[in-house]
Amino acid sequence: MEPVDLAKLETAIKYVERIAEGNNPVNNLPMEEDAVLNNPNVIRCMYFVKGVLEEVRSVPGNTYLAVIYNQNAQEFVVRNLEKMVNGETEDDTEA
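This write-up is about the structure you can find in this document. Along each chain, residue indices are assigned from 1 in the same order as the chain's sequence is written. Local features in a predicted model are, by the rule used here, given only for residues with pLDDT of at least 70; side-chain atom pairs are given and counted only at 80 or more, and totals for whole chains, interfaces and linings are based on all residues. Side-chain metrics rest on all non-hydrogen atoms present in the structure, leaving aside hydrogens and water.

With that out of the way, let us pick up the packing of helix α1 (residues 6–20) against helix α2 (residues 40–58). Relative to each other, α1 and α2 sit at 160°, their axes nearing to 8 Å. With respect to α2, the element α1 is oriented roughly antiparallel. Crossing angle aside, the handedness with which α1 passes α2 is left-handed. In contact with L9, E10, A12, I13, V16, E17, I19 and A20 of α1, α2 contributes I43, M46, Y47, V49, K50, L53, E54, V56 and R57. Fitted lines through C-alpha atoms serve as axes, helices being fitted only where they are in contact, and the angles separating the N-to-C directions of these axes extend from 0 to 180 degrees. Helix numbers and strand numbers start at the N terminus; a helix is a DSSP run of H or I with at least 4 residues, a strand a run of E with at least 2. Angular relationships are summarised with four words: roughly parallel below 35 degrees, roughly antiparallel beyond 145, roughly perpendicular across 65 to 115, and oblique for the angles in between. We call a crossing left-handed when the near helix sits turned anticlockwise from the far one by less than a right angle, and right-handed when that turn is clockwise. Whether two residues are in contact is decided by their heavy atoms: any pair within 4.5 Å suffices.

What follows is the structure in structure tokens.
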């Protein structure tokens with residue numbers, strides 16, 4: 001696997017953080033309240049993804065995207081994305 005392009009990684013972290021904060025990732029302007037990216041489930045997932053990307057960034061030397069969190073964390077993201085796609089409410093989703 002190729003080392004990660006750190007400039008692209010920094011941009012990805014910045015964009016994911018902007019989405020998590022309720023802003024358009026490109027221009028950093030607030031998104032409309034009813035935008036799908038303002039869904040609490042999406043926001044939680046974006047903060048999780050940001051943490052994973054920051055962990056990738058923190059690996060000294062050879063940084064690889066093969067850094068993977070444990071299976072439970074992966075299942076949390078998949079489960080919540082599936083619930084969001086299926087239109088389940090925040091109350092239906094485990095934190």
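Attention now moves to the side chain of N38. By secondary structure assignment, the location of N38 is in the loop between α1 and α2. Note on classification: 1.4 Å probe, protein chains only; a residue is buried when its accessible area is under 20% of the maximum for its type, exposed when over 50%, partly exposed between these limits. N38 gets classed as buried once you look at its relative accessible area, which sits at 18%. Within the local environment of N38, its side chain forms a polar contact with the backbone oxygen of E32, the two atoms lying 2.8 Å apart. In the analysis that follows, any N or O atom pair within 3.5 Å is treated as a polar contact, provided that within protein one partner can donate a hydrogen and the other can accept it, and provided that, for residues neighboring in sequence, both atoms belong to side chains.

Another aspect to go through is the nonpolar core. Core analysis: the largest hydrophobic core is formed by 10 residues, namely V4, L9, I13, V16, I19, A20, V42, M46, L53 and V56. Excluding residues that lie within four positions of it along the chain, I19 makes contacts with P25, M31, L37 and M46. Nonpolar core, defined: a set of buried Ala, Val, Leu, Ile, Met, Phe, Trp, Tyr and Cys residues in which side-chain atoms within 4.5 Å join the residues together.

A few words on the pattern of salt bridges. The salt bridge definition used is simple: a Lys or Arg side-chain nitrogen within 4 Å of an Asp or Glu carboxyl oxygen. Scanning all chains against the criterion turns up four salt bridges. The partner of R57 in a salt bridge is E10, and the shortest N-O contact between them spans 3.1 Å. Placement of R57 in helix α2 and of E10 in helix α1 is noted, with a sequence separation of 47 residues between them. By relative accessible area, R57 is classed as partly exposed at 33%. Assessed through its relative accessible area of 38%, E10 is described here as partly exposed.

Spatial relationships are all this shows, so hold off on functional conclusions.
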